[in-house]
Amino acid sequence: MLWTPSKFHPSESLSLVPKIYAHMKEAPFAHSTFGRMEAQSRTTPSVDAVKGQQENVEMSFLRPPVVRLGAGAALNRALFSKKVDLAAAAIQSPKVIAHYRKALQTSQEMLKVDRISPIVSHPDKELGAQGRKCILLNPSVKAEEPTTWGPVIQEGIQKEELTVIPYELTLEYDYWTARDTMESVLPPELHDEIPSGFNVAGHVAHLNLRDSYLPYKKVVAEIILDKNPSIKTVINKVDNVGAESEFRTFQYEVLAGEDDLNVSCTENNCSFNFDYSKVYWNSKLEYEHTRIISFFKPGEVVCDVMAGIGPFALPAGKKRVFVWANDKNPESYKCLKANIQKNKVQDFVRPFCEDGLGFIRQATDEILAASLKGEKVVITKPGPRSKSKKTDKPTTPGFVPEPLKPLITETYPLPPTISHFVMNLPASAIEFVGSFKGIYQLQENLFAPTTKTPLPLVHVHCFALKADDERPLIDICERLTKYLGFPMKPGNIDYNLNGEGEVAVHNVRDVAPAKSMYCATFRLPAAVAFAARD
């Protein structure tokens, strides 16, 4: 199976609440005619069914006006204004508003629509200026048809506490959701795959529009900009990530808003500043970042071979995990260094700008050497607060100041071995695993059974076929076998080192109709780790 075993989902990773990333509200589905012939042979529809159909018709005013724009046409927001004729209960005294609101809500005669307040000012300007209010009524209630007035309304009229009047509700462009607006603008044949989600990096929305939507790209971008207050810039990718740049950057065009890709964002309690046009960042990977980070324990060493700007490294550093973080992209390295300082994890996270192939062995050797020299991190912090109550003030005679809080010292010695390797370069990371050959040549005494230390876990991200069967898993294991020079097979990881050569594969996300991103995790085989170096 492709699914990661339970021990690969530590409990803390399940608490992630992704931000994210921006999702537009789905429009209601149109009523289906499926099963019409069968329905004719059945009994007459129930009263509730008929009532539901009537309500759907009555609430159709919530659909925006159809504003079909030609390809390349500008968005005219004024065309989305829509006037709806309703009835309203004009309340005579503010003292009874709450009573009638509750009563009309219970009787389902009050208008109940998202983002429309049922309490409005009286449409007569003079009465409205006096503070008179109205309660908007369900479209089934007609001001000119007393037969549509329910018992609550009739009782209110008899008591002279309310009257039923016509009310013209105006819905402007700002009312309609992004999905509603796009369906109004785009031709019907494009409604099935309307862009409903996108990557967000700070204030930038990053689209990857299909060819059929390109003639309407400006309108789509304007709508996204309008409907998402935190978005200031909308861009569209014009090539494939990695197709033109080994650093996974991409060519883009600004569709709406400012041409400013210097962004700030937060993830896993860390702040990141970067130029989105020069480094790789994907907000949809936040859960995967958190999942991997949750494996790390304080005091361990992690080698982040393709670290980017630090989505694994910085949160790990905050957990008191030592991280050797590397990225070949000079711009990513520059941002990584700055963000390490910004997040105050410089004691635990070290940045490098090397080729990943050589960095695997370089980091292994440097960490061992630094550990043998006794390198460590010592953190001093205030101890727990005193539980005694402060009753005296500095001006009180005989005042004795509260003693200073004791300091607590935590020491984290740098271990001689790496616990985890992270390789997040899906297009080619598997090709780097050959560099693990001989990383601990002649160092068998550092690991079990001589010590309690297991060989490192390797987390390799890769692309493979999107499928529910074992084909992706088999393909990934075959590729790992090829580059490791050791037979790898599907199976579960055992932290006690039983099951050498087994690979657990986690399905990270779909990236194309027939392509998914996976994370293959395996314990580095002893035959590979202790082999002679080439």
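The name given to the protein chain in an unreviewed UniProt entry is tRNA (guanine(37)-N1)-methyltransferase, and the organism recorded there is Podospora pseudoanserina. Reading the Catalytic activity (unreviewed entry) entry of the UniProt record for the protein chain gives the comment "guanosine(37) in tRNA + S-adenosyl-L-methionine = N(1)-methylguanosine(37) in tRNA + S-adenosyl-L-homocysteine + H(+)". Turning to the protein chain, the UniProt record has this under Subunit (unreviewed entry): "Monomer."

Helix and strand counts for the protein chain stand at 13 helices and 20 strands. When burial is assessed residue by residue, the protein chain has 46% of its 534 residues classed as buried. A sequence separation of at least 24 residues applies to 71% of the contacts in the protein chain between residues at least 6 apart. Entry remark: accessible area of the protein chain is about 28000 Å², with carbon and sulfur atoms responsible for 53%.

Pairing is mixed in the open sheet, where eight strands are placed in the order β13-β12-β11-β16-β17-β20-β19-β18. Each having just a single partner strand, β13 (349-352) and β18 (489-490) make up the two edges of the open sheet. Of the pairings in the sheet, the one linking strand β16 (residues 420-423) to strand β17 (residues 457-465) comprises four bridges and is parallel in character. Along β17, the bridge assignment pairs M423 with V460. Its contacts with the sheet place helix α10 (residues 330-342) against β12 (322-326) and β13, and it is angled at close to 160° to β13.

With that settled, the discussion passes to a negative patch on the surface. A cluster of acidic residues, D85, E144, E145 and E168, forms a negative patch on the protein surface. Here D85 is to be found in strand β1 (residues 82-91).

Caution is warranted with low-pLDDT regions, since their predicted coordinates should not be read in detail. Of all residues in the protein chain, 82% attain a pLDDT of 70 or more, and the chain-wide mean is 85. Of the regions scoring below 50 in pLDDT, residues 1-57 engages in 83 contacts with residues more than four places distant in sequence or in other chains.

All right, on to the packing of aromatic side chains then. The final tally for this structure, using the stated rule, is twelve aromatic pairs. An angle of 75° between the planes, with centres 5.1 Å apart, marks the rings of Y175 and W176 as edge-to-face. A centroid spacing of 6.4 Å and a plane angle of 65° characterise the contact between F274 and Y276, whose relative ring orientation is edge-to-face. As far as burial versus exposure is concerned, F274 and Y276 are alike and both buried. In this structure, K227 packs its charged tip against the face of Y173, placed 4.1 Å from the ring centre. One residue, K515, lies across the ring of F463, its end atom 4.3 Å from the ring centre.

What follows is about the UniProt feature "binding site: S-adenosyl-L-methionine" (unreviewed entry) in the protein chain. The sites that carry the UniProt feature "binding site: S-adenosyl-L-methionine" (unreviewed entry) are, in the present numbering, H289, D355, G356 and N424. Along the polypeptide, H289 turns up in helix α8 (residues 286-293). A residue is classified by how much of its surface remains accessible, and H289, at 3% relative accessible area, is buried. Dropping the residues within four chain positions of it, H289 is found in contact with E267, N268, N282, P311 and F312. By secondary structure assignment, the location of N424 is in the loop between β16 and β17.

All right, on to the packing of helix α6 (residues 178-185) against helix α7 (residues 217-227) then. Running from amino to carboxyl end, α6 crosses α7 at an angle of 155°, the nearest separation of the two axes being 10 Å. With respect to α7, the axis of α6 lies roughly antiparallel. Both α6 and α7 take part in a crossing whose hand is right-handed. Mapping the contact onto sequence places A178, T181, M182 and V185 in α6 and V219, V220, I223, I224 and K227 in α7. Of the residues in the contact of α6 with α7, the class split is seven nonpolar, one polar and one charged.

This part is about helix α11 (residues 356-372). Its 17 residues give α11 an end-to-end C-alpha distance of 24 Å, which sits within 8% of 24 Å, the value for a rise of 1.5 Å per residue. When we look at burial in α11, the residues that qualify are G356, F359, I360, A363, T364, I367, L368, A370 and S371. Looking at the buried side of α11, the elements it contacts are β11 (301-304), β12, β13 and β16. At the N-terminal end of α11, a side-chain oxygen is found 2.8 Å from the backbone nitrogen of L357, two or three residues along, and the residue is D355.

Take the sheet that holds strand β2 (residues 119-121) next. Spatial ordering of the open sheet is given by β2-β3-β1-β4, a layout of four strands whose pairing is antiparallel. The open sheet has two edge strands, β2 and β4 (162-171), and neither has a second partner. For this sheet the average axis-to-axis angle between neighbouring strands, irrespective of direction, equals 45°. As paired strands, β1 and strand β3 (residues 133-136) are joined by three bridges and run antiparallel to one another. When the bridges of β3 are listed, A89 appears paired with I135.

Mapped onto the fold, H206 is located in strand β6 (residues 204-207). Given a relative accessible area of 8%, H206 falls into the buried group. A polar atom in the side chain of H206 sits 2.8 Å from the side chain of Y276. Residues in contact with H206, not counting those within four places in the same chain, are F198, N199, I235, K237, F250 and Y276.

Here is what the cut-offs are and how they apply
- Residues numbered from 1 in each chain as written.
- Predicted model: local features only at pLDDT ≥ 70, side-chain atom pairs only at ≥ 80, totals over all residues.
- Heavy atoms only, no water.
- UniProt positions renumbered as here; feature names shortened; annotations may be inferred.
- Helix = DSSP H or I, 4+ residues; strand = E, 2+ residues; numbered from the N terminus.
- Buried < 20%, exposed > 50% of the residue type's maximum accessible area, 1.4 Å probe, protein only.
- Contact = heavy atoms within 4.5 Å.
- Areas by Shrake-Rupley, 256 points an atom, 1.4 Å probe, with all protein chains shown as cover.
- Pairing = 2+ DSSP bridges.
- Axes fitted to C-alpha atoms, helices over the stretch in contact; angles between N-to-C directions.
- Patch = residues over 30% accessible without salt bridge, like charges linked within 9 Å, V, L, I, M, F, W, Y side chains within 5 Å.
- Salt bridge = Lys/Arg side-chain N within 4 Å of Asp/Glu carboxyl O.
- Lys, Arg positive; Asp, Glu negative; His and termini not counted.
- Charge placed at Lys NZ, Arg CZ, Asp CG, Glu CD.
- pLDDT = per-residue confidence, 0-100.
- Phe/Tyr/Trp six-rings, centres within 6.5 Å; stacked < 30°, edge-to-face > 60°.
- Lys NZ or Arg CZ within 6 Å of the ring centre and 35° of its normal.
- Parallel < 35°, antiparallel > 145°, perpendicular 65-115°, else oblique.
- Left-handed = near helix turned anticlockwise from the far one by under 90°.
- Nonpolar A, V, L, I, M, F, W, Y, C, P; charged D, E, K, R; others polar.
- Expected span 1.5 Å × (residues − 1).
- Polar contact = N/O pair within 3.5 Å; in protein donor to acceptor, adjacent residues only side chain to side chain.

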